[in-house]
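# An overview of the molecular structure
Listed here are the chains, written in short residue letters.
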Amino acid sequence: MATRRVSCYVAVCDLCGNSAHDEGFTPHYDSPGEAIECAVDSGFDERSGWTLTPTGVLVCDQVKDAAHEDAHAAAGKRMSGCAMAVTFPRD
């Protein structure tokens, strides 16, 4: 049986170290940029998914605590009780 070593990248929450997504698995990508882009793009709309804060902190949407909520708020998101329901402040 032949094998080869393959390098890949996964998005990791800067606050808790989580790397899993809603589907319960960790997607792997060819570049750091792809991993981050996928994490912040939920596929549903721009209000859900992980958050990349203005200061470059990547924050998952799986953990609901004050640190995560504050980081989402710094990026203009407010997480609800359900990670899939995020609202933006109205101007």
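Cut-offs used in this document
- Residues numbered from 1 in each chain as written.
- Predicted model: local features only at pLDDT ≥ 70, side-chain atom pairs only at ≥ 80, totals over all residues.
- Heavy atoms only, no water.
- Helix = DSSP H or I, 4+ residues; strand = E, 2+ residues; numbered from the N terminus.
- Buried < 20%, exposed > 50% of the residue type's maximum accessible area, 1.4 Å probe, protein only.
- Contact = heavy atoms within 4.5 Å.
- Areas by Shrake-Rupley, 256 points an atom, 1.4 Å probe, with all protein chains shown as cover.
- Arc of directions from axis to C-beta.
- Core = buried A, V, L, I, M, F, W, Y, C linked by side-chain atoms within 4.5 Å.
- pLDDT = per-residue confidence, 0-100.

## Points about the overall build of the protein chain
- For the protein chain, the count of helices and strands is two helices and four strands.
- Shown N-terminal to C-terminal, the secondary structure of the protein chain runs as helices and strands in the order α-β-β-α-β-β.
- For the protein chain, with 91 residues in total, the buried portion stands at 25%.
- Contacts in the protein chain between residues far apart in sequence, at least 24 positions, make up 39% of those at least 6 positions apart.
- Accessible surface for the protein chain amounts to roughly 6,100 Å². Of this, 52% is attributable to carbon and sulfur atoms.

## Some details on the side chain of Asn18
- Along the polypeptide, Asn18 turns up in the segment before α1 (32-40).
- Residue class for Asn18 comes out buried when judged on its relative accessible area of 18%.
- Filtering out sequence-adjacent residues up to four positions away, Asn18 remains in contact with Ala11, Val12, Cys13, Trp50, Cys60 and Gln62.

## Here we look at the environment of Gly76
- In this structure, Gly76 sits in the loop between α2 (66-74) and β3 (78-79).
- Measuring from C-alpha to C-alpha, the distance between Gly76 and Pro54 comes to 9.6 Å, with 22 residues separating the pair along the chain.

## Here we look at α2
- Within α2 the residues assigned to the buried category are His68, Ala71 and His72. Angularly, the buried residues of α2 cover 100 degrees about the axis, an arc narrow enough to put them on a single face. The exposed set on the far side of α2, more than 90 degrees from its buried face, consists of Ala66, Asp70 and Ala74.
- Backbone geometry just after α2 places Gly76 at a positive phi near 90 degrees.

## Focus on the nonpolar core
- Of all hydrophobic cores here, the largest spans nine residues; its members are Ala11, Cys13, Ala35, Ala39, Trp50, Leu58, Val59, Cys60 and Ala71.
- Of all the secondary-structure elements, those providing two or more residues to this core are α1 and β2 (58-59).
- Contact partners of Ala11, with chain neighbours within four places excluded, come to Asn18, Ser19, Ala35, Ala39, Trp50 and Leu58.

## Observations concerning the confidence of the model for the protein chain
- Per-chain confidence: the protein chain averages 79 in pLDDT, with 74% of residues scoring 70 or above.
- Mean pLDDT across the secondary structure elements of the protein chain bottoms out at strand β4 (residues 86-87), with 51, and peaks at β2, with 94.

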